[in-house]
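Observations on chain architecture
The chain contents come next:
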Amino acid sequence: MEERESETSNKKKNKPWAFWSWAFASVIFRLVLAYFPRNLNFSARPEVSTPLTSFRRLAEGYWLKQSSMSPYAGSMYHGSPLLLSILGPLTVRRDENEGLPNQLICSLVFVVADFVTAMLIRSTGLNLQMAYNQSLKSLGLVRLLENSELILSGDIAALVYLWNPFTIISCVGLSTSPIENLVIMLSLYGACTRRVPLAAFGWVLATHLSLYPAILIVPVILLLGYGPDAPPRKLLLQKLRESSSCDCSSQDKERTSLHKELTNQSVQPMLFSWKPVVFFTLWACMWAFYVLVLCAISVKQYGGLQEMFKRTYGFILTVEDLAPNIGVLWYFFAEVFDFFRNFFLIVFHVNILFMLLPLAIRLNHRPCFLAFVYIAIASMLKSYPSVGDLALYMGLLGLFINELAGKISIQLHADMQLSFFLFCGYVGVSLLSPVMHNLWIWRGTGNANFYFATAMAYACLQIILVVESVGAMLNHDRKLRKLSATAA
């Protein structure tokens, strides 16, 4: 027995070292690939670079600005002027014949952004797991934790993000997606730890860089109001009613004390706290004003804020660039009649908003999981998606491996039944997408339908992933409710 305990303790001690070794190995692997940018040519792939995340377009916008022209002249750059001011100097070659040093610095910036994002995911997973354990204790289900082999979900999620091929491709391909993922995780981490200024700063920057993270205000408010994780409200009320219906005899003193403990521990976290939400609103307004002032100064000579909003948010909402990407909107609006274009633009964009309220009502006790669902839905229906969006929500999905993979208890097993099918589907789409693009664009032996078929398959896989994960999480909560009822 002593030998087994020593072995388990040694394994627990080796886990942090194993995580850091794999994390630093992913950084070294990125730096090695950064030496071969011309051979890999990831930055030219439509799956990696979009009109909003292309580093080449950013370089073109900075060149226009340096030439005393508007960076939004023509139809090349459609990003933030702040991002242009920060990353733009790195696009200028130091020598006429050699541009490698600055390109390596750019790669290093994106590598650091990926690493910091992974650390934020890890810290968020630690807070989320502690909150989930506390919620099980408040429901009197401590035995589930004692009889379970829990996995450090934060470590798994961070490694999934770091070693995801799509994350590596986005980083090596000099896409600005790692910057967007970083500010999104800043917002979620700040809300999870109730660091209100950090949460507001991340949300404002994420909304500024890309319009779609604005929908994350719902899970951020729930995180600030309820906390990272809490038992479902119906389950908590059922538990309290059963504990309050017991007789106050001498044999039930332990049960009444448990009832008092439950009321002290579990009722208070379920009360929505408006104080951090009000502070978040004030901080968000302050950060938004500060960002707008900086943008107004940057584009003062080039049309002002009105031109910036037209070239950034207007470009996203009107889907002006119909170049092929892994989304479905480019093909649809290339085929639709101009008379119906505005109608379908409204339909596609409002479709995202229609899903927000029902999901928030059903998953308000799991705001981190709700954020994962929102990010996945936005990546399906956004105008210019890239594989960097997939990398972020795949990393967030790793935070819930204990719930979805049945690691807490065999009685709470709620595994995703189509996980192997999804894995094979993502691998197949990843291999077929460049092949179909080559057959269409370069060899001329195919047409747009070849490449659009892979985009449709990619969208279907994302839909299945969202449906399966939400169903598995609801099944987990349903089984948790049954166990709580039997334990009472």
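Everything here concerns the structure above.
Bear in mind that the values here come from a model prediction, so they are computed numbers and not experimental data. (Residues numbered from 1 in each chain as written. Predicted model: local features only at pLDDT ≥ 70, side-chain atom pairs only at ≥ 80, totals over all residues. Heavy atoms only, no water.)

Concerning helix α10 (residues 196-209)
Between the first and last C-alpha of α10 there are 20 Å, a value that for 14 residues agrees with the 20 Å anticipated at 1.5 Å per step. By the criterion of burial, α10 is predominantly enclosed, with 11 of the 14 residues buried. Listed as buried for α10 are V196, A199, A200, G202, W203, V204, L205, A206, T207, H208 and L209. Buried positions along α10 lie against α4 (81-87), α9 (177-192), α11 (217-226), α14 (275-298), α15 (304-311) and α16 (313-318). (Helix = DSSP H or I, 4+ residues; strand = E, 2+ residues; numbered from the N terminus. Expected span 1.5 Å × (residues − 1). Buried < 20%, exposed > 50% of the residue type's maximum accessible area, 1.4 Å probe, protein only. Contact = heavy atoms within 4.5 Å.)

Some thoughts on helix α20 (residues 387-397)
Every α-helix carries 3.6 residues per turn, so stepping three or four residues along brings you back to the same face. Where burial is concerned, most of α20 is hidden: 11 out of the 11 residues are buried. Along α20, the residues classified as buried are V387, G388, D389, L390, A391, L392, Y393, M394, G395, L396 and L397.

Thoughts on the pattern of salt bridges
This structure, assessed with the given rule, holds seven salt bridges. A salt bridge links R30 to D114, with the nearest nitrogen and oxygen atoms 3.3 Å apart. Here the residue R30 occupies a position in helix α1 (residues 2-33), and D114 occupies one in helix α5 (residues 100-138), the gap between them amounting to 84 residues. The same class applies to R30 and to D114, which are both buried. Ionic pairing is found between E307 and R311, a salt bridge with its closest N-O pair at 2.9 Å. Of the two residues, E307 and R311 both sit in helix α15, four residues apart, roughly one turn of that helix. R311 sits in the partly exposed class, given a relative accessible area of 23%. (Salt bridge = Lys/Arg side-chain N within 4 Å of Asp/Glu carboxyl O.)

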